[in-house]
Amino acid sequence: MSKEQQIDSLLHEERRFPPSAEFAAQAIGQASLYEQASDDREGFWATQSRELLHWHKPFTEVLDWSNPPFAKWFADGTLNVAYNCLDRHVAAGLGDRVALHFEGEPGDRRDITYAELTSEVKKAANLLSSLGLTQGDRVIIYMPLLPEAIIAMLAVARLGAIHSVVFGGFSAESLRARIDDAEAKMVITADGGNRKGSVFPLKAAVDQALADGKTSVEKVLVVQRGGNEVEWTSGRDLWWHEEMTPMSDDHRAEAFEAENPLFILYTSGTTGKPKGILHTSGGYLTQASFTHKNVFDLHPETDVYWCTADIGWITGHSYVVYGPLANGATQVIYEGTPDTPHPGRWWEIIEKYGVSIFYTAPTAIRTFMKLGREIPQKFDLSSLRVLGTVGEPINPEAWMWYREVIGGNTTPIVDTWWQTETGAIMISALPGVTSTKPGSAQVPIPGICVDVLTEDGQQVGPEAGGLLVITEPWPSMLRGIWRDPERFQETYWSMFGTRYFAGDGAHLDKDSDVWLLGRVDDVMNISGHRLSTMEIESALVAHPMTAEAAVVGAHDDTTGQAVVAFVILKSRFAGTLSDEEVSHQLRAWVGEQIGAIAKPKRVFVVAELPKTRSGKIMRRLLRDIAEGRDVGDTTTLMDASVIRTISDSVNE
Ligand code: PRX
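Summary of the structure given here. Every chain is numbered on its own, with residues counted from 1 as its sequence reads. Under the rules for a predicted model, residues below a pLDDT of 70 receive no local features and side-chain atom pairs below 80 are neither given nor counted, while totals for whole chains, interfaces and linings still include all residues. Processing note: side-chain calculations cover all non-hydrogen atoms of the structure and skip hydrogens and water entirely.

We define proximity as follows: a residue is near a molecule or strand when any one of its heavy atoms falls within 4 Å of that partner. Taken together, 17 residues lie near the ligand, and D415, T416, T420, D504 and R519 sit nearest. The separation between an oxygen atom of the ligand and a polar side-chain atom of Q419 is 2.9 Å. Contributions of two or more residues to the shell around the ligand are made by α13 (314–326), β20 (413–416) and β25 (514–519). Polarity classes work like this: nonpolar for Ala, Val, Leu, Ile, Met, Phe, Trp, Tyr, Cys and Pro, charged for Asp, Glu, Lys and Arg, and polar for all others, with Gly in that last group. In terms of residue class, the shell around the ligand is made up of six nonpolar, six polar and five charged. What qualifies as a polar contact is a pair of N or O atoms within 3.5 Å, subject to a donor-acceptor requirement within protein and to the restriction that residues adjacent in sequence count only when both atoms come from side chains. Helix and strand definitions here come from DSSP, where helices need a minimum of 4 consecutive H or I residues and strands a minimum of 2 consecutive E residues; each element is numbered from the N-terminal end.

Following this line, the structure appears as structure tokens:
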């Protein structure tokens, strides 16, 4: 099916699922929120922020948009983010509530209450400040999904310092690039973590990243988890457990300004270099907690919530750490992979903890669909009452399967659209209000204004497609790209002035509901993870064998898109190795340069690449070839025969 046909069939999706009367009656998010927000948008956010958070010094200003695109929210208020996630719950008598049900991949488990988590974070804050960490310093966190990773994030936040979590699947090279860009003073890591039944080393990658000694990093704190052998640089490396033992759990949380930076999270853009997306405190926490409560219908006294994201991604920041903990939720965190030691592992965890709210990515759902419904049907999933998805478009088939097989035909599904840059959910149904449609993310949440525009900035109106924009500033919006204000302006604000350009194509249906159609730039979405074609191309051409490379995201039934690379070898290498061997070497190389997630699924060795007369690689044609379609119009190509040669060699 061509993309146009796919869109057409999507938009004819007629199934509708209104909330049941019982669900609607108990729902947290009510229709009145939309009215309140449209009557007075800023007043609405101010009310939410006052109700949801503890402000040490209450704010009097709501939004300062006098110097767009640089927004300030609640700027004259002060708060401590970690205090909001911890101490205030203990002070309210909720210290015995479980904050984290940690499940390790090998089956070990720990339940950590709010009182215990608060005490650990206070100790960690004392430790970090004894090591010289102060407000504004940067700390890299490179860890498996362990309670200590969350403790580390909150301890950094408690001190007003800035964390930058690097996903454990990124390579030493990627880690180093982030350490350098952030000029991090400290790295917090683990010896190793459990994945697919074995231990993967993390400390070794840190050692490699810091090997030349020419870095800003002064200390490396190492959590013991994998039990694997590690090398030790004395004076620099410290065991977390040894350092934590003597620490006092008495620590007063200082209040910081609402715009104090909270974290930097690197994400792929359209150029080779990842962007350090900067988020600050008060506005971010307001929207993370508002959406977590209303979109997932959180009843913190009774719900058990589980978001399967890793803390290395924005979903882990907003919906594992900050949103749930600010709301005093009880949640499950799981260290390992969904299929270890058996393919029913996730459903077993849902049964074991009685998970009631479950949030995951469409790729995972499609993978489970392939494995068959018999696997989840072996487990009791009747505790589930709200299901969510994030990260990529969900096809109506997968949506229906999720509802029927996992949700027992009753649970509402919220398809949530947002980005690293938006910090929190922007477009989603409210489960007690919206009549849901399989495949559409539907409506902006209360207080958020979006539109779909043509390239020259005209509104497309219902039953038409275009580019998704956010027309008004929002509390959890990115405040910039770390130390690169020009790139910030250029990337998001040069297209439509003060309207934020999201980089996604979207279609409005006859009800003006939004259907997301994927990226319109050179960003790929593989299993809900963002990767840049340029970044992988740069990695490929850095290999001594490669002369030129072009990368495209080709449609993949399970992962949404898959990385497909076309490479031209330098003449002295051409014909010296089999195509298979070249592919093997280049895939391994990309794994080292960026990380395993970026390894191309397929590498085609070609003699030429299709280019326009001005020398631009025509990725559209390569995508057609990779997806096995007829290449359309080739009239702008410099040499149309190139395409035939490539498709012949690919078809071989
Ligand atoms: O293309 C959109 C897609 O993921 C991109 C953002 O990626 P990232 O910053 O890594 O954040 C992912 C998790 C929030 C978007 O530009 N995307 C995210 N959610 C959806 C989606 N596409 C369609 N439907 C969604 N629900």
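So that's the structure; there's more coming.
On to the packing of helix α3 (residues 32–39) against helix α4 (residues 41–52), then. Direction vectors running N to C along α3 and α4 enclose 125 degrees, while the axes themselves pass 5 Å from each other. On the basis of their axis angle, the class for α3 and α4 is oblique. Note on element contacts: α4 touches α3 through R41, F44 and Q48, opposite L33, Q36, A37 and D39. In terms of residue class, the contact of α3 with α4 is built from three nonpolar, two polar and two charged. The axes used here are C-alpha line fits, helices contributing only the stretch in contact, and every angle between their N-to-C directions lies in the interval 0 to 180 degrees. Roughly parallel covers angles under 35 degrees, roughly antiparallel covers those over 145, roughly perpendicular covers 65 to 115, and oblique covers all other angles. Residue contacts are defined here by distance: any two heavy atoms, one from each residue, within 4.5 Å place the two residues in contact.

Moving on: the sheet that holds strand β24 (residues 500–508). Spatially, four strands are ordered β21-β22-β24-β25 in an open sheet, and the strand pairing comes out antiparallel. The open sheet is flanked by β21 (450–453) and β25, the only strands paired with a single partner. Between one strand axis and the next, the sheet turns by 45 degrees as a mean value, whatever way the strands run. Pairing geometry for β24 and β25, over four bridges, is antiparallel. Considered in β25, the bridge of H507 is made with W515. DSSP bridges decide pairing: two strands pair if at least two such bridges lie between them.

With respect to the secondary-structure elements, E148 resides in helix α8 (residues 147–158). A distance of 3.0 Å separates a polar atom in the side chain of E148 from a polar atom in the side chain of R110. Each residue touching E148, except ones within four places of it in the same chain, is listed here: R110, M143, V223 and W240.

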